[in-house]
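Residue-level listing of the chains:
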Amino acid sequence: MATGKRILLVKTALDGHWRGLSLVARALRDAGFHVIIGGMITGPEIVRSAVDEDVDLVGLNVGGHALVVERVIAELRAARPELPIFAGGVLPPSTCRRLAELGVETYPPGSTLEAIVAAAHRLTGQDERSSLGAGAR
Amino acid sequence: MADHPLPPTDPRSQSGLPLRAAYGPDDVPPEHRAIMDRLPGEAPFQRGGFPQGYRTKPWRIFQLSGFGKPEDENERIKFLLRTGETGFLMEHDRNTADHLYNVDHPEVVARREDVGLTGAPMQSIRDTHLCLQGIPIETTYGHAGGAVVQHGPYALAAYWSVAKRRGLDLATLPGTGQSDFFLTYLGCVTKQQIPTAAGLRLNADIIEFCGRHLPKWVPVSIAAYNGGDSGLNAYEELGALIANAIEYLDEIRRRGRMDITAAASRCGGVNFRTTLDIFEDASKLRAARKMWHRLLSERYGVTDPRALRLRIHVVTSGSKMTYQQPLNNIVRGTLMALTAVLGGAQSLGVSGYDEALSVPSEHAHQMSVRIQQILQHETNLSAVADPLGGSFYVESLTADLEQRAWQFVEEIQAQGGFLATLDSGWLHGKARDNQIREMEEEVAGRKVVVGVTHFTDDVSPFVVDGFPGVNDAYDVALERLRAVRRERHQAGACAALKALEACCRSEQNIMPVMMQALDAEVTLGEIGELYRQIWGDWQTPELV
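Predicted model only: the values in this text are computed from it and were never measured.

Caption draft 1: Spotlight on the overall build of chain A. Scanning chain A from terminus to terminus reveals five helices and five strands. Listing every helix and strand of chain A by position from the N terminus yields β-α-β-α-β-α-β-α-β-α. Relative to the 2.2 N^0.38 estimate, which gives 14 Å for 137 residues, the radius of gyration of chain A is 14 Å and therefore close to what a compact globule would have. For chain A, the C-alpha atoms occupy an extent of roughly 40 × 30 × 30 Å along the three principal directions.

Caption draft 2: Seen up close, the pairing of strand 7 (residues 311-316) of chain B. Residue and element names in this part refer to chain B. Counting buried positions over the six residues of strand 7 gives five, a clear majority of the element. Inspection of the sheet shows strand 6 (residues 269-274) paired to strand 7 by six bridges, in the parallel sense. Bridge assignment links Gly269 to a residue of strand 7, and that residue is Arg311. Across three bridges, strand 7 lies against strand 8 (residues 347-349) in parallel orientation. Bridging across to strand 8, Val314 finds its partner in Leu348. With respect to chirality, the unit in which strand 7 leads through helix 14 (residues 328-342) into the neighbouring parallel strand 8 is right-handed.

Caption draft 3: Up close: the sheet that holds strand 1 (residues 6-11) of chain A. All names here are of chain A. The strand order across the open sheet built from five strands is 2-1-3-4-5, with neighbouring strands paired in parallel fashion. Edge positions in the sheet fall to strand 2 (34-40) and strand 5 (105-107), since each of these pairs with one other strand and no more. On average, adjacent strands in this sheet sit at an angle of 20° to one another, irrespective of strand direction. Where strand 3 (residues 57-62) meets strand 4 (residues 85-89), five bridges bridge the pair, whose relative direction is parallel. Paired with Gly59 across the two strands is Phe86, which belongs to strand 4. Relative to strand 1, helix 2 (residues 43-52) is tilted by about 165°, and along the sheet it contacts strand 1, strand 2 and strand 3.

Caption draft 4: Just the domain arrangement of chain B, in detail. Residues and elements named next belong to chain B. For chain B, the assigned domains read domain 1 (30-56 + 228-419) and domain 2 (64-221 + 473-539). The C-alpha-based centres of domain 1 and domain 2 are spaced at 27 Å. Between domain 1 and domain 2, the contact holds 27 residues from the first and 27 residues from the second. Elements with a minimum of two residues in the side of domain 1 that touches domain 2: helix 10 (234-255), helix 11 (260-267), strand 6, strand 8 and helix 15 (362-377). The element best represented in the side of domain 1 that touches domain 2 is helix 10, accounting for six residues. Taken together, the residues of the side of domain 1 that touches domain 2 sort by class into ten nonpolar, ten polar and seven charged.

Caption draft 5: Main features of the interface of chain B and chain A. Listed per partner, the contact involves 35 residues of chain B and 33 residues of chain A. For the side of chain B that touches chain A, the secondary structure elements donating two or more residues are helix 3 (94-97) and helix 18 (426-443) of chain B. The leading source of residues in the side of chain B that touches chain A is helix 18 of chain B, at five residues. Broken down by class, the residue content of the side of chain B that touches chain A amounts to 14 nonpolar, 13 polar and eight charged.

Caption draft 6: The arrangement of the environment of His32 of chain B in detail. Residues and elements named next belong to chain B. Within the fold, His32 resides in helix 1 (residues 30-33). His32 sits in the partly exposed class, given 18 other C-beta atoms within 10 Å. Every residue in contact with His32, bar those within four places of it in the chain, is listed here: Glu395 and Ala399.

Caption draft 7: Structural detail: the sheet that holds strand 2 (residues 87-89) of chain B. Residue and element names in this part refer to chain B. Ordered by their spatial adjacency, eight strands build an open sheet running 5-4-3-2-1-8-7-6, and the pairing between neighbours is parallel. The strands lining the two open edges of the sheet, one partner per strand, are strand 5 (217-218) and strand 6. As defined by bridge partners, strand 2 adjoins strand 3 (residues 141-143) across three bridges and the pair is classed as parallel. The residue bridging Phe88 from the neighbouring strand is Gly142, located in strand 3.

Caption draft 8: Quick peek at unusual backbone geometry. All names here are of chain B. Note the cis peptide between Ala43 and Pro44, where omega equals 5°. Positionally, Pro44 belongs in the loop between helix 1 and strand 1 (60-63). One non-glycine residue, Ser179, adopts positive backbone phi at about 45°. Here Ser179 is to be found in the loop between strand 4 (175-176) and helix 7 (181-187). Under the C-beta neighbour-count criterion, Ser179 is labelled buried, with 26 such atoms within 10 Å. Its identity as a non-glycine residue notwithstanding, Glu521 has a phi of 65°, on the positive side.

Caption draft 9: Seen up close, the packing of helix 8 (residues 196-213) of chain B against helix 10 of chain B. Residues and elements named next belong to chain B. For the pair helix 8 and helix 10, interaxial distance at closest approach is 10 Å and the crossing angle is 70°. The angle between the axes of helix 8 and helix 10 places the two elements in the roughly perpendicular class. Residues Leu200, Asn203, Ala204 and Ile207 of helix 8 form the contact with helix 10, whose own contacting residues are Glu247, Tyr248, Glu251, Ile252 and Arg255. Along the lines of polarity and charge, the residues of the contact of helix 8 with helix 10 split into five nonpolar, one polar and three charged.

Caption draft 10: Broad picture of the confidence of the model for chain B. The predicted model of chain B averages 97 in pLDDT, with 99% of residues at 70 or higher. Scored by ipTM, the complex comes to 0.94, with pTM at 0.96.

Caption draft 11: The arrangement of the pairing of strand 4 of chain A in detail. All names here are of chain A. Here strand 4 lies mainly inside the structure; four of its five residues are buried. Taking the sense of rotation as the criterion, the β-α-β connection linking strand 3, helix 3 (residues 66-79) and strand 4 turns out right-handed. For strand 4 and strand 5, the ladder comprises three bridges, and the chain directions are parallel. Across the sheet, Phe86 pairs through a bridge with Glu105, a residue of strand 5.

Caption draft 12: Looking closely at helix 22 (residues 524-535) of chain B. Residues and elements named next belong to chain B. The first and last C-alpha atoms of helix 22 sit 16 Å apart over twelve residues, in line with the 16 Å expected at 1.5 Å per residue. Taken together, the buried positions of helix 22 are occupied by Leu524, Gly525, Glu526, Ile527, Gly528 and Tyr531. Residues of helix 22 that are buried sit in contact with helix 3, helix 6 (152-165), helix 20 (490-505) and helix 21 (510-519). Looking at the residues trailing helix 22, positive phi occurs at Gly536, about 70°.

Caption draft 13: Structural detail: helix 5 (residues 113-124) of chain A. Over its twelve residues, helix 5 of chain A extends 16 Å from the first C-alpha to the last, a length consistent with the 16 Å expected when each residue adds 1.5 Å. All buried positions along helix 5 of chain A are accounted for by Leu113, Ile116, Val117, Ala120 and His121 of chain A. For helix 5 of chain A, the buried positions fall inside an angular range of 140° around the axis, keeping them on one side. In the core, the buried residues of helix 5 of chain A are packed alongside strand 1, helix 1 (19-30), strand 3, strand 4 and strand 5 of chain A together with helix 18 of chain B. Immediately beyond the C-terminal end of helix 5 of chain A, within one or two residues, lies Gly125 of chain A, with a positive phi of roughly 75°.

Caption draft 14: The arrangement of the nonpolar core in detail. Membership of the largest hydrophobic core comes to 191 residues, with the highest contact counts inside it found for Leu28 of chain A together with Leu238 and Met514 of chain B. Here this core gets eleven residues from one element, more than from any other, and that element is helix 10 of chain B. Domain assignment of the residues forming this core places at least three in each of domain 1 (30-56 + 228-419) and domain 2 (64-221 + 473-539) of chain B. In contact with Leu28 of chain A, not counting residues within four places along its chain, are Ile7, Phe33, Val35, Val117 and Ala120 of chain A.

Rules used in this analysis
Numbering of residues starts from 1 in every chain and runs along the sequence as written. Lettering of chains starts at A and numbering of ligands starts at 1, both following the order in which they are written. Totals for whole chains, interfaces and linings use all residues, but because this is a predicted model, local features are given only for residues with pLDDT of at least 70 and pairs of side-chain atoms are given and counted only at 80 or more. A run of DSSP states H or I qualifies as a helix once it reaches four residues; a run of E qualifies as a strand once it reaches two. Both are numbered from the N-terminal end. The globule rule is 2.2 Å times the number of residues to the power 0.38, and the radius of gyration it is compared with is taken over C-alpha atoms. Three exposure classes are used, based on other C-beta atoms lying within 10 Å of a residue's own C-beta, which is placed from the backbone: buried for 20 or more, exposed for 12 or fewer, and partly exposed in between. At least two bridges found by DSSP between two strands are what make those strands a pair. If the strands point away from the viewer and the path from the first strand over the helix to the second runs clockwise, then the crossover is right-handed. Angles here are taken between N-to-C directions and fall from 0 to 180 degrees, while the axes themselves are lines fitted to C-alpha atoms, restricted in helices to the stretch in contact. Residue pairs are scored as contacts if the distance between their C-beta atoms, which are placed from the backbone, is within 7 Å. What fixes the domain bounds is an automatic or database domain assignment. When residue character is reported, Ala, Val, Leu, Ile, Met, Phe, Trp, Tyr, Cys and Pro are called nonpolar, Asp, Glu, Lys and Arg charged, and the others, Gly included, polar. Any angle from 65 to 115 degrees is called roughly perpendicular, while one under 35 is roughly parallel, one over 145 is roughly antiparallel, and all others are oblique. One confidence number per residue, pLDDT, is output by the predictor and ranges from 0 to 100. For a helix, the expected span equals 1.5 Å multiplied by the number of residues minus one. This arc describes the spread of directions from the helix axis toward the C-beta atoms. Put simply, a nonpolar core is buried Ala, Val, Leu, Ile, Met, Phe, Trp, Tyr and Cys residues tied into one set by C-beta atoms within 7 Å.

Here is the structure:
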């Protein structure tokens, strides 16, 4: 499992609801990814983790204002322009559109774990054979 | 997106209880059948605490509210009171309040645009004063905020100090705090928090202080809602609430400064969630009252009926509200509210239809109030207490949930008690197991969420983008923080902070000194610094 592509999951806000992040982390691990949980950390700390852990994808769990997320994205882009980013959490349609303009895929509430895992495969280029629930539907 | 085939009807309740196609008298266990004919208002109160039900005591319409600057929050509270809510709830900004940070703390500065999104920042008594301006707190039941444990004493002291400055008598002030362990250590684990043992001490201080000075105040609210929406099922939610109450009441008894009957009657205002499994959740509220009665009479020897009668506040499950086709949530909110009423709740908050997007917009708030008003005035629901009483199905569910819940209490006690299960992460594990089970159901296509997994066509002309809030909450809070630091009597603030430190290190009740500190304009962040020095940080168990 640990040989899978590496994904950093972080929370951008000082909001400790952990249910969503926990489920996404589990689904990604089940699909063979190496998931690193960054927790509630600031933009510069997210960048440091992404670089130190040499991750292939960053997942932002959003629970706050779009401008905070945009700043984190800008900081990540400055340090590692090629690194793909996707986001989940409390994401009103206007925030989804804004993040899409910045090249960040969004998975608001109601997104299936299947779709999130598929996105992780696509964004990291990891082989999809071990994907969660393959063939379940 | 193409809809998946519909799964067959689930022969189980939401918590996995096996269900029969129909119920008869033999499905109610004999010991429960023996108390089935007791009327509402009669012990053990599973049929309700009051003989006249809602005829004499309509449930309180009590909505979560807060955003922006204190004056924005004040305006929204006044709007809600005008719209018809009968108690008000004052949320504080999570970034600052939950962590006891001032807005210039680096953790907050890094996320400054988040400030004010979910409540107004209240860093000194000046802010609380602004938030409460023009609100008749002497006659209106108020929730002072302080949802997380370390924030409780600050939020309460601020509210009470404002009341005192208005010349009000605390002895007649109606309201409640929260200081909830479920939220703080299970559902919404903050980045920084005092350890559970310190939290227990603060809550016991609040309970004792209210017992002495604020007889109309519910000092802390055990909010099993936050366990439920984190994953605990109905009987785990019930059992964990009882285990939490044991922790508080054992501590009060150990300290020996307060009569246990008084403490029990103060703590007997608790909070559950209702979901969309109507009969299971209505039964849950009935079982809760019966369990409370048994806990108090058997474990603590309480005989006063007022202390044996549990009062319940319900919040409809936020996690049931969907992001897709949000107007469907008005129906979900109505059904979950109906469930609370059928279960005999004393007070109710209905989640906004935009819950999955933001804090409620003014219109979403209005709808939450209107739902309750329609239930109160157009349906005749209030005419008869416990309309489900005597239903073989509901009585059987009530008995089944109660039995499983007591078993869960025993499991928690075997782990060393409620606090121990939070410290070790045992309770989080229970919640996580259920989350995973729910996820597996979803992946296997066994779950239907209308408008999300199935029936996804939508012709609604309404665009819901969530409530944007205001954009100056941080800047104004920073300016006001500087003004407090500049203008306050420095020596007085310093002395009050020193007194607070001495009190924290002693076994004295923290509340009188906290009120003096608020009066001396000590700020939220200074109190946080002090707590962190004295108590350090809770060792968070593995959550993910």
